[in-house]
Amino acid sequence: MNTTDESYLIELAAAGKVTWLATIYRNSPIPGASWFSVDMSFKRTTPYGETSTLNSSVFSEDHVLLIDDAAVTAQALGSASALQFLHRCLAATIGSEGGSHRDYCWAKLILPNISGQVVRADIIPIRLANQELVDDIVSFCRPRQRYDGRVAAIHRLPPDALFKAAAAGLIVTHQTGADGLELCSVIEAGLANRLSVPWLLTSPVAAVQTLAIVEGGHVHPRNGGYASSVYLAAKALGIDVVVLDNPGHWLDGPEYAHWRANFVPVELPDDEADAGLTSRIVTAIKSCGRRIDGMMTLCEWYKPHVAQACEELGLPTDPPRAYEIATNKFQTSTLADHGARLCRSVDDAKKALSLPDVQWPVIVKPCRGWSSEGVVRINRRQELEQALKLLDTSRHGTEFLIEPYCNGPEVDVNMVLLDGEIAFFDICDDFPKPADAEKGSSFLELQSVYPSILPTVETELLRDSCLDALRRMGFQNGVFHCEYRVADSAVEYGPVDGLVDLIPLVPQLVSGDNRKPRAWLHEVNPRPPGMTASKVAETTYGVEYWGLYLLTPLRDTARIAALSRPFQDGAQYTSVMVFIGNDYDITRYQGVFDSEDICADLLARRPHLAGHLSNYACFVRRGDKVPHPSMGENMFIAYFNVFSRKSRAEALRLAAEVRSELRIVWK
């Protein structure tokens, strides 16, 4: 239910006078909610013919905007982002787009209904991502901003005061002939689900803390990677960052200086961490000239050394031994009791495979690895030497392991631990790789689907197994990306309406079989899932992993608990991560990428797909030389996060269309 408050005249002196009538509709607060909303309509009252040649550039400091004759400034509205949002609302009604024009723009402001400190500045855009009927979402919050929600809730405020009290604004999708208030009502109905997170903390958040990051990100932001996710999350959380890295790192220069408070040069090795790394980190922290409240690293093989440095400096950390196990796949496999064999040479491997208890097929993989590089399935002894050629010792070291291959559905289990308990977890289905179908040796990922449709008994088994494994390693806090298979699962991959998906096993194959499903741990990564997977969890569940990862070494338990809460109704849709790998035809091409942005090209040819994509990116440029998996290096040249609110089947069909319609040119 909403009530009309008042209408206000808005004027802009630009190429003549342009006027709008702004009308405010106040919605009744939902009992117990920490927020309420106000709907606003902006009707252009100046004839269209007088504004058709204008565009958003008219909203500048050179042209005064007035509401009931009072000048509108960023200060009057509370923030520059609030003023920019108002400009967007008004700009939507001038000029023309696609040969059409409109007189109205509808918007909604979200205001606090309680007093409290915002948990992170961008929490509302995160929680409202891909909200139906919403074109744009803008946060007005500053990091760590405190709101007195009672002021907005009790008093009827004019537009400038409403904007100043609001935490965010959203622009409603324009639908010709639709009732704007009805559209706002539909959006309102979904806000209780999305804003179920305690986005305002009634207890004060700790004073501004400083986090040291050892190794600031080896991939420059222009080339993808996770750096933007890390440092923008730090900004939104109000965390000061001190970066420790080699001189000349991209964060050492002026371009990204605004992402960090200090840059401390320190010698960091490119590959295996050396014995002196811990002492160099300790020395750098002691001499940096700032109080450090927590420390972490973005490099997996530095983690044991950083944990040891934290212990020496008295900073919060989980045990170095826990990181040693998690970052060594042989030690992880040993913890899981898979009967793995540690090898350092071809002779070691031949001896391991000559033992009578070998269970074929087997997996060969480096003890320290990533992106499934060097991971090979071997079906017979004769394949060993060819498999070992894929082990790049310069990248992954000389140690590798051999363990049994588990022929069951593969999943990712992502988990947030807080004081030894699960704060949040999600499970997605990893679809079969070429090596699973014996159509090659590569385990390069093709696609993953959120949420998993494994039987409940199996998802509960995975949850409990993951928690147990992390605790046995010694972890009590953190964000973890774990990879599993389910042995003796009740489902398998098979044909479904021309596609492939999980289906129940044929009854006669399991009739009279008393086997129970078993969780088969592949690896534990003490970090969030890769950038693409973290984005899927963020849009599907409303949980942003990188922010939680930053809060963990600071032991900011109140914000970790708050930000680990998913949407009240669970996943908002089915998501499919479509990975576009580097598996070109090496017999025909040299691996030179000869296309423009393949994502932009696809959307230009298939614009209907845009409404089903939450994120996408092309990581290579024309002329780039791309390695082939047969060279021991796996990489993705692009990705698409596809979603469907209708069904998993539709999401899979859309994902198949994305893959089939891509045009990639190689030389």
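Look above for the structure.
Residues numbered from 1 in each chain as written. Predicted model: local features only at pLDDT ≥ 70, side-chain atom pairs only at ≥ 80, totals over all residues. Heavy atoms only, no water.

K.L.:
What is the right way to read unusual backbone geometry from this model?
P.N.:
Glycine aside, the phi torsion of most residues is negative, and most peptide linkages are trans. That bond from Trp-360 to Pro-361 is cis: its omega, -10 degrees, falls within 30 degrees of zero. With respect to the helices and strands, Pro-361 occurs in the loop between helix 12 (346–353) and strand 17 (362–366). The linkage connecting Tyr-450 with the following residue, Pro-451, adopts the cis geometry, with an omega of -15 degrees. By secondary structure assignment, the location of Pro-451 is in the loop between strand 22 (447–450) and helix 15 (456–473). The phi dihedral of Asp-69 is positive, around 70 degrees, even though this residue is not glycine. Tracing the chain through its elements places Asp-69 in the loop between strand 4 (65–67) and strand 5 (70–71). The residue Glu-215 is not glycine, and still its phi comes out positive at about 75 degrees. In this structure, Glu-215 sits in the loop between strand 12 (210–214) and helix 7 (227–237). (Helix = DSSP H or I, 4+ residues; strand = E, 2+ residues; numbered from the N terminus.)

K.L.:
Can you walk me through the side chain of Gln-447 in this structure?
P.N.:
Position of Gln-447 among the secondary structure elements: in strand 22. We classify Gln-447 as buried; its relative accessible area is 13%. If we ignore the near neighbours within four places in the chain, the residues touching Gln-447 are Asp-429, Asp-430, Phe-431, Val-576, Met-577, Val-578, Phe-579, Leu-652, Ala-655 and Arg-659. (Buried < 20%, exposed > 50% of the residue type's maximum accessible area, 1.4 Å probe, protein only. Contact = heavy atoms within 4.5 Å.)

K.L.:
Teacher, can you tell me more about helix 9 (residues 303–313) here?
P.N.:
Side chains that are three or four residues apart share a direction in an α-helix, a result of its 3.6 residues per turn. Within the span of helix 9, buried status applies to Lys-303, Pro-304, His-305, Val-306, Ala-307, Ala-309 and Cys-310. Close packing links the buried residues of helix 9 with strand 12, helix 8 (277–286), strand 15 (294–297), helix 10 (320–326) and helix 18 (545–551).

K.L.:
Quick question: what am I supposed to make of the environment of Ala-617 here?
P.N.:
When you line up the elements, Ala-617 lands in strand 28 (residues 613–618). Measuring from C-alpha to C-alpha, the distance between Ala-617 and Ile-124 comes to 24 Å, with 493 residues separating the pair along the chain. Among all residues touching Ala-617, those that are not within four sequence positions of it are Cys-599, Ile-637, Ala-638 and Tyr-639.

K.L.:
Which parts of the structure should I look at to understand the pattern of salt bridges?
P.N.:
If the charged atoms of two oppositely charged side chains come close together, the side chains can form a pair. This model, assessed by the stated rule, comprises 33 salt bridges. Arg-606 is paired through a salt bridge with Glu-661; the nearest N and O atoms lie 2.9 Å apart. In this pair, Arg-606 sits in the loop between helix 20 (598–605) and strand 28 while Glu-661 sits in helix 21 (residues 648–661), placing the two residues 55 residues apart along the sequence. (Salt bridge = Lys/Arg side-chain N within 4 Å of Asp/Glu carboxyl O.)

K.L.:
How do you make sense of the sheet that holds strand 11 (residues 200–201) when you look at a structure like this?
P.N.:
In a beta sheet, neighbouring strands are held together by backbone hydrogen bonds and run either parallel or antiparallel to one another. Taking strand neighbours across the sheet as the criterion, the three strands line up as 9-7-11 in an open arrangement whose pairing is antiparallel. Because the sheet does not close on itself, it has two edges, and the strands there are strand 9 (146–148) and strand 11. The pairing of strand 7 (residues 115–118) with strand 9 spans three bridges and is antiparallel. In the strand pairing of strand 9, Gly-116 is matched with Tyr-147. (Pairing = 2+ DSSP bridges.)

K.L.:
Quick question: what am I supposed to make of the layout of surface pockets here?
P.N.:
Gaps left between atoms show up when a probe the size of a water molecule is rolled over them. Here the second largest pocket defines a volume of roughly 770 Å³. In terms of lining residues, the second largest pocket is bounded by 33 residues, among which Asn-407, Gly-408, Pro-409, Asp-488 and Val-491 are the most central. Put simply, the parts of the chain that give the lining of the second largest pocket at least two residues each are helix 15, strand 23 (478–487), strand 24 (491–496), helix 16 (507–510) and strand 26 (518–525). The residue makeup of the lining of the second largest pocket, split by class, is 19 nonpolar, four polar and ten charged. (1 Å grid on protein atoms, 1.4 Å probe; cavity = no way out; pocket = protein on both sides within 12 Å on 5 of 7 lines; lining within 4 Å. Points joined across faces, edges and corners; volume = space filled by probe spheres on them. Nonpolar A, V, L, I, M, F, W, Y, C, P; charged D, E, K, R; others polar.)

K.L.:
Help me understand the sheet that holds strand 27 (residues 574–581), please; the structure alone is not making it clear to me.
P.N.:
Strands sit in the order 26-23-20-21-22-27-29-28 across an open sheet of eight strands; the sheet is antiparallel. Only two strands of the sheet have a single partner each, and these edge strands are strand 26 and strand 28. Strand-to-strand twist across the sheet, computed as the mean angle between neighbouring axes with direction ignored, equals 25 degrees. With seven bridges joining them, strand 23 and strand 26 adopt antiparallel strand pairing. Bridging across to strand 26, Glu-483 finds its partner in Glu-523. Along the sheet, helix 21 contacts strand 21 (421–430), strand 22, strand 27 and strand 29 (636–644); its crossing angle with strand 27, the most-contacted strand, is approximately 20 degrees. (Axes fitted to C-alpha atoms, helices over the stretch in contact; angles between N-to-C directions.)

K.L.:
What is the right way to read the pairing of strand 3 (residues 35–44) from this model?
P.N.:
The two faces of the sheet receive side chains in turn, since in a regular strand these alternate between them. Within strand 3, nine of the ten residues are buried, which leaves the element mostly enclosed by the surrounding structure. As paired strands, strand 2 (residues 17–27) and strand 3 are joined by seven bridges and run antiparallel to one another. Bridging across to strand 3, Tyr-25 finds its partner in Asp-39. Bridging between strand 3 and strand 6 (residues 104–112) involves nine bridges; their strand directions are antiparallel.

K.L.:
Teacher, can you tell me more about the side chain of Ser-37 here?
P.N.:
Structurally, Ser-37 is set in strand 3. At 2.8 Å, the side chain of Ser-37 forms a polar contact with the side chain of Asn-27. Of the polar contacts made by the side chain of Ser-37, one reaches the side chain of Glu-188; its length is 2.4 Å. Other than its neighbours up to four places away in sequence, Ser-37 contacts Arg-26, Asn-27, Lys-108, Leu-109 and Glu-188. (Polar contact = N/O pair within 3.5 Å; in protein donor to acceptor, adjacent residues only side chain to side chain.)

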